[in-house]
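# Understanding the architecture of this molecule
Residues per chain, in single letters:
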Amino acid sequence: MTYCVGMRLDAGLVFLSDSRTNAGVDQVGTFRKMSVFENPGDRTMVLMSAGNLSISQSIRQLVSEHIDGKGNTIWTAPNMYEAARIVGEAVRMVHHRDAQALSEFGIDFNVSLIFGGQIKGERCRLFQIYSAGNFIESHNENTYFQIGEAKYGKPIIDRVVTPTTPLDEAAKCALISMDSTLRSNVSVGLPLDLLVYEDNKLAITHFVTIDEKNQYFQMIRNTWGKQLKSVFESIDDPVWNASPEINDNVLSATNMHSKPVRVEVPVQLLENPQPPGPLQSLAQHPNSNEQA
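So, a few notes on the structure that sits alongside this text. If you're wondering where the values come from, they're calculated on a predicted model, not measured in any experiment. (Residues numbered from 1 in each chain as written. Predicted model: local features only at pLDDT ≥ 70, side-chain atom pairs only at ≥ 80, totals over all residues. Heavy atoms only, no water.)

## Some words on the packing of helix α4 (residues 167-184) against helix α5 (residues 215-234)
Inclusion rule: Axis geometry follows a simple rule: fit a line to the C-alpha atoms, using only the stretch in contact for helices, then measure angles between N-to-C directions, giving values from 0 to 180 degrees. Only DSSP runs of H or I with at least four residues qualify as helices, and only runs of E with at least two residues qualify as strands; both kinds are numbered from the N terminus onward. Oblique is the label for any angle not covered by the other classes, which are roughly parallel (under 35 degrees), roughly antiparallel (over 145) and roughly perpendicular (65 to 115). By the definition used in this description, the sense in which the near helix is turned from the far one sets the handedness, with an anticlockwise turn below a right angle giving left-handed and a clockwise turn giving right-handed. Any two residues whose heavy atoms approach within 4.5 Å at even a single point are treated as in contact. For this classification, Asp, Glu, Lys and Arg are treated as charged, while Ala, Val, Leu, Ile, Met, Phe, Trp, Tyr, Cys and Pro are nonpolar and the rest, including Gly, are polar.
Between α4 and α5, the shortest axis-to-axis distance is 10 Å and the interhelical angle comes to 70°. Overall, the two elements α4 and α5 adopt an arrangement that is roughly perpendicular. The interaxial crossing formed by α4 with α5 has right-handed handedness. Seen from α4, the contacting residues are Lys172, Leu175, Ile176, Asp179, Ser180, Leu182 and Arg183; seen from α5, they are Tyr216, Phe217, Ile220, Arg221 and Trp224. Looking at the contact of α4 with α5 residue by residue, the classes come out as 7 nonpolar, 1 polar and 4 charged.

## Details of α4
Applied cut-off: To estimate how far a helix should extend, the number of its residues minus one is multiplied by 1.5 Å. Note on exposure labels: buried denotes an accessible area under 20% of the residue type's maximum, exposed denotes more than 50%, and partly exposed covers the range between, all computed with a 1.4 Å probe on protein chains only.
Over its 18 residues, α4 runs 26 Å from end to end, which matches the ideal 26 Å to within 8%, given 1.5 Å per residue. Taken together, the buried positions of α4 are occupied by Leu167, Ala170, Ala171, Cys173, Ala174, Leu175, Ile176, Ser177, Met178, Asp179, Thr181 and Leu182.

## Thoughts on the pattern of salt bridges
Put simply, the rule is: In the sections that follow, a salt bridge refers to a side-chain nitrogen of Lys or Arg positioned within 4 Å of a carboxyl oxygen of Asp or Glu.
Following the criterion strictly, the structure yields 14 salt bridges and no others. Linking lysine 70 and glutamate 82 is a salt bridge whose minimum nitrogen-to-oxygen distance equals 3.4 Å. Residue lysine 70 is located in the loop between α1 (53-65) and α2 (80-104), and its partner glutamate 82 is located in helix α2; the two are separated by 12 residues in the primary sequence. Salt-bridge contacts for aspartate 98 lead to arginine 97; the nearest nitrogen and oxygen are separated by 3.0 Å. Connected through salt bridges with shared partners, the residues Asp68, Lys70, Glu82, Arg85 and Glu89 form a single ionic network.

## Examining the sheet that holds strand β10 (residues 144-148)
Worth spelling out the cut-off: At least two bridges found by DSSP between two strands is the condition for calling them paired.
Ordered in space as β10-β1-β2-β11-β12, the 5 strands form an open sheet in which the pairing is antiparallel. Two strands lie at the open edges of the sheet, namely β10 and β12 (206-210), each paired on one side alone. This sheet shows a mean twist of 5° between the axes of neighbouring strands, independent of strand direction. Summarising the sheet, strand β11 (residues 192-198) and β12 pair through 5 bridges and their orientation is antiparallel. Paired with aspartate 193 across the two strands is threonine 209, which belongs to β12. Against the sheet, α4 makes contact with β1 (3-9), β2 (12-17), β10, β11 and β12, and its axis sits at roughly 20° relative to β2, the strand it touches most.

See the structure below:
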């Protein structure tokens, strides 16, 4: 599996991907999930993938060379929407070619993509592309996309990232999101690829491959865990069966009438509520061991 996150901010774009592939407990490999299509001064685009590795690699190859019905390629598309459409067409081409053969071997056509960047003359844009080749675009109401094992790293992004978040803060948030995923899911693993793109640069601004020795990422892993524990311990424990007028942090008030849903005790147990246990049985049959 994998985990990738892409963020579209007023200041630019942030992309982060892991590099683990998993085809079983004894078939774990490292393959980079992020690819960059860059013509400095004209366009910078990033593609990240999750799902079946053979499918995503075929899509990436087709994206780099496909010519659409309008004569456009990923290198000549007039805007990011048309570029995303070319990526979607590549997905459908691979599906048309391989899906039936994969199905005959019990393999689903499973791939999802994050595609974003900037072409000269327009703003930064970010898309999520599905297995059918269709896609959606990020807007201010939803400034990021995740693919792969997304659930572990989602809460911190939801709480922190807005369109006005500075790029370095967004990159920090993405790394914390990844650390949460690494801690909870063994199918996601190092090294990581982190790319930060500044609006209107039309060239890669910052890129780093992060392994287990990376100083900043190790600091995040240690500090985030300690701070979470500290915040947790600073929150008061709940108060039970108290008067809300007198106490704070009341979880269960004296005027509440909460009751659990109880399953009725079988009638035969009510007639004999305490059936003989092991000790009682031995007492009633002192020679039971000899008889056995």
